[in-house]
Amino acid sequence: MTSLWELANPQLRDLVAYEPGKPIEDVARELGLEPEAVIKLASNENPLGPSPKAIAAMRRAVERVHLYPDGGGYRLREAIAGKFGLEMNQVMLGNGSNEIIEFIGHAFLKPGDEVVVADHAFVVYKLMATLFGARTIEVPDPGFTHDLEAMLDAITPRTREVFVANPNNPTGTLVDQAAIDRFMERVPEDVIVVFDEAYYEFLEQPPDTLKFVREGRNVVVLRTFSKIQGLAGVRIGYGIARPELMEVLQKTRQPFNANLVAQEGALAGLRDDEHQRRTRELNIEGRAWLQGEFDRLGLEYVPSQANFVLVRLGDGDAAFRDLMKRGVIVRAMRGYKLPDWIRVSVGTMEENRRFVAELETWLEQRGSVG
Ligand SMILES: *Cc1c(COP(=O)(O)O)cnc(C)c1O
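Note that the structure is predicted; figures quoted are calculated from it, not measured.

K.L.:
Is there a simple way to explain the environment of W362 in this structure?
P.N.:
Relative to the elements of secondary structure, W362 occurs in helix α14 (residues 349-365). The spatial distance from the C-alpha of W362 to the C-alpha of A318 is 9.8 Å, given a sequence separation of 44 residues. Filtering out sequence-adjacent residues up to four positions away, W362 remains in contact with L313, D315, A318, A319, D322 and R326.

Below, the structure is given as structure tokens:
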């Protein structure tokens, strides 16, 4: 019998599955712990949960899930456009902003094309490029920061897309407005530039990339409700681009890609500035505390602009495994070519303290401290 791999698209053989953060329930089951005893600091989720207003809106929405959602996402797109001074035809919804990364691939990539990313960029860009048979060009990122000049130099006539994750996951580093402006002056018009701003709301002085959309450049800005809004589980994100580019992207999506519960939760969450403010403040406090503790323990880390920190522990896989046995889930970084490191999300102060206490015990047992 023919192997299915002979029938499948050849690029799928090279596609490595995305390694998500381990769910609390899995860890509890495997270790025989109560789920309440396990904390997850592995996927940059909001430790406060969703906005209470979003929860109420989603409860109401559940009563109507026998009906298809508004496939055009009218009210949510209108609210997003209103918030940022855009037109509705500059906004599209995704089943998470990750889905829009796939749409951009559907729209512009074919086998042999090239996608330019930073060496330690969010891995989904490469997964999606591979899915469409395109090559990913990974450009060195000294100090874990995107080198936009070097990324420009990596552009060839085959380059269709460039991804700039700002701040980037898993490094937490930001490229500033001046670097972005210089990059946009030189980038060829026929290259689609994607600014992935999943952590935008955590920034104190976010760079302005929407101006490039308004100027009619071939730019897609990605944002999400998964992070500061605490709605990762219902999957909702959005993209912003000029109307002509949106028209192309809209053709690549399924009619009901953004579900009804998610649209209602996102709409209510978007209006809850207070919840976002509390989340931002908790994150600033927790991140500073964690980084201070890493200093105290003599650990190397990458100062972060987001809601997670990349920290070097020598053996990231062992740290991940051992911390998990103690009920603390973090993220190992081997998939990002950083086997020495782990990434930890900023939790509540109680969760942060628990993580550091377990980490310290782990370090002592390995003789790395004292
Ligand atoms: C978390 C994250 C996203 C958001 O993914 P969703 O599909 O919206 O949940 C996108 N980009 C980066 C860099 C992220 O870290």
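K.L.:
Mind showing me how you'd approach the packing of aromatic side chains here?
P.N.:
Any two aromatic rings considered together are summarised by their centre-to-centre distance and by the angle between their planes. Evaluation of the coordinates by the stated rule reveals nine aromatic pairs. Taken together, a centroid distance of 5.3 Å and an interplanar angle of 80° make the contact between F144 and W341 edge-to-face. On the criterion of sequence distance, the pair formed by F144 in the loop between β4 (135-139) and α7 (148-153) and W341 in strand β13 (residues 341-345) is long-range, its members being 197 residues apart. Each member of the pair F144 and W341 is classed as buried. Here the aromatic residues F122, Y125 and F163 are joined through ring pairs into a cluster of three or more. The ring of F84 has R223 sitting right over it, with the charged end atom 4.9 Å from the ring centre. Directly above the ring of W289 sits R353, whose terminal nitrogen or CZ lies 5.9 Å from the centroid.

K.L.:
I keep staring at the site of the ligand and nothing clicks. Help me out?
P.N.:
Close contacts around the ligand come from 13 residues, with D196, Y199, T224, S226 and K227 the closest. Interatomic distance of 2.7 Å between a backbone N/O atom of S97 and an oxygen atom of the ligand. Alone, the ligand offers 390 Å² of accessible surface; in the complex the protein occludes 95% of this. Its residues placed into classes, the shell around the ligand shows four nonpolar, six polar and three charged.

K.L.:
Please clarify how the sheet that holds strand β3 (residues 114-118) should be interpreted in this entry.
P.N.:
Either a parallel or an antiparallel arrangement is found when strands of a sheet pair, and the pairing is made through backbone hydrogen bonds. Strand order in the open sheet made by the seven strands is β2-β8-β7-β6-β5-β3-β4, with mixed pairing throughout. Lying at the two open borders of the sheet, with one neighbouring strand each, are β2 (91-94) and β4. When the angles between neighbouring strand axes are averaged without regard to direction, this sheet yields 20°. Relative to β4, β3 runs parallel, the two sharing five bridges. Within the sheet, the bridge partner assigned to V115 lies in β4 and is T136. On the sheet, helix α6 (residues 124-131) packs against β3, β4, β5 (159-165) and β6 (192-196) and is oriented at approximately 155° with respect to β4.

K.L.:
What am I meant to see in the domain arrangement of the protein here?
P.N.:
Buried accessible area, meaning the area lost when the parts come together, often serves as the stated size of an interface. Taken domain by domain, the protein holds domain 1 (4-49 + 274-366) and domain 2 (52-272). One C-alpha centre belongs to domain 1, the other to domain 2, and the line joining them spans 24 Å. A combined buried area of about 2800 Å² lies between domain 1 and domain 2, and 62% of that area is made up of carbon and sulfur atoms. Three residues, Q276, Q305 and Y336, lead the burial of domain 1 against domain 2; their summed loss comes to 23% of the area buried on that side. Applying the counting criterion to the domain 1 and domain 2 interface returns two salt bridges. Put simply, domain 1 and domain 2 have twelve residue pairs in polar contact (both at pLDDT 80 or more) between them. Elements with a contribution of two residues or more to the side of domain 1 that touches domain 2: α12 (273-296), β10 (308-312) and β13. Examining the composition of the side of domain 1 that touches domain 2, we find that eight residues originate from one element, α12, more than from any other.

K.L.:
Help me understand the packing of helix α3 (residues 52-62) against helix α11 (residues 260-270) in this model?
P.N.:
A pair of packed helices is captured by two measures, namely the crossing angle of their axes and the spacing between those axes. At their nearest, the axes of α3 and α11 sit 8 Å apart, and the two run at 150° to each other. Our classification of the angle between α3 and α11 gives roughly antiparallel. Handedness of the α3/α11 crossing: right-handed. Here K53, A54, A57, M58, A61 and V62 of α3 lie close against α11, whose contacting residues are L260, V261, E264, G265, A268 and G269. Each residue belonging to the contact of α3 with α11 can be placed in one class, and the counts come to eight nonpolar, two polar and two charged.

K.L.:
Mind showing me how you'd approach the sheet that holds strand β12 (residues 331-332) here?
P.N.:
Pairing is antiparallel across the open sheet formed by four strands, whose spatial order is β9-β10-β13-β12. Strands at the two margins of the open sheet, each flanked by one partner only, are β9 (301-302) and β12. Where β9 meets β10, two bridges bridge the pair, whose relative direction is antiparallel. Paired with V302 across the bridge in β10 is L310.

Calculation notes
Residues numbered from 1 in each chain as written. Predicted model: local features only at pLDDT ≥ 70, side-chain atom pairs only at ≥ 80, totals over all residues. Heavy atoms only, no water. Helix = DSSP H or I, 4+ residues; strand = E, 2+ residues; numbered from the N terminus. Contact = heavy atoms within 4.5 Å. Phe/Tyr/Trp six-rings, centres within 6.5 Å; stacked < 30°, edge-to-face > 60°. Buried < 20%, exposed > 50% of the residue type's maximum accessible area, 1.4 Å probe, protein only. Lys NZ or Arg CZ within 6 Å of the ring centre and 35° of its normal. Near = heavy atom within 4 Å. Polar contact = N/O pair within 3.5 Å; in protein donor to acceptor, adjacent residues only side chain to side chain. Areas by Shrake-Rupley, 256 points an atom, 1.4 Å probe, with all protein chains shown as cover. Nonpolar A, V, L, I, M, F, W, Y, C, P; charged D, E, K, R; others polar. Pairing = 2+ DSSP bridges. Axes fitted to C-alpha atoms, helices over the stretch in contact; angles between N-to-C directions. Domains from an automatic or database assignment. Buried area = accessible area lost by both parts, 1.4 Å probe. Salt bridge = Lys/Arg side-chain N within 4 Å of Asp/Glu carboxyl O. Parallel < 35°, antiparallel > 145°, perpendicular 65-115°, else oblique. Left-handed = near helix turned anticlockwise from the far one by under 90°.

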